[in-house]
Amino acid sequence: MTEGTTSAAAEGGDTLTRLEQEGEIAADYLEGLLDIADLDGDIDMDVEADRAAVSIISDSARELQKLVGRDGEVLEALQELTRLAVHRETGDRSRLMLDIAGFRAKKRAELAELGAKAAAEVKSTGQPVKLDPMTPFERKVVHDAIAGAGLRSESEGEEPQRFVVVLPA
């Protein structure tokens, strides 16, 4: 094995260890939050696409809806607070992704379908399609779906009115 390969493998292992550490810090923070709120939930940790992914799951998803809020607003705020807790412990900015009661997983599937439909429309008409304003998470999922369909997309506008434009090939 060459020195470069060894170094790259070690770097990949260091990244995985760092992301696992982020997940553990986030899980501890969220367990404390669940205790304070007197809510039941299990914490699931994973590493997906070079970021820590933490999920709160429960047999009573209705109870966890309080932590999701309307259109995921509370979830977004909790994700930022959790990222801040990780930053406080590690000193590094975190790209951690939080999901509660499967809200993001369901949203991801809906957005991928929206991206596929927009791509199909652009392919059939040859005209760009502008989508409604979205959060950064939502735009990322749509951009990935558009790229998967072989087209280009761009984000335009200013937060919180930033939106995706699907462009012909």
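A. Molecular detail of the side chain of Ser94. For Ser94, the location among the structural elements is in the loop between α3 (73-90) and β3 (97-100). Engagement of the side chain of Ser94 in a polar contact is seen with the backbone nitrogen of Leu96, the distance being 3.0 Å. If sequence neighbours within four positions are ignored, Ser94 has contacts with Glu22, Arg83 and Val86.

B. Summary view of unusual backbone geometry. In this model, Glu159 is joined to Pro160 through a cis peptide bond whose omega is 0°. With respect to the secondary-structure elements, Pro160 resides in the loop between β5 (152-156) and β6 (163-167). Phi is positive for Asp38, which is not a glycine, with a value near 55°. Summarising the element assignment, Asp38 is placed in the loop between α1 (3-37) and β1 (42-48). One non-glycine residue with positive phi stands out, namely Ala49, at about 50°. Of note, Ala49 is situated in the loop between β1 and β2 (51-57).

Rules behind the numbers
- Residues numbered from 1 in each chain as written.
- Predicted model: local features only at pLDDT ≥ 70, side-chain atom pairs only at ≥ 80, totals over all residues.
- Heavy atoms only, no water.
- Helix = DSSP H or I, 4+ residues; strand = E, 2+ residues; numbered from the N terminus.
- Polar contact = N/O pair within 3.5 Å; in protein donor to acceptor, adjacent residues only side chain to side chain.
- Contact = heavy atoms within 4.5 Å.

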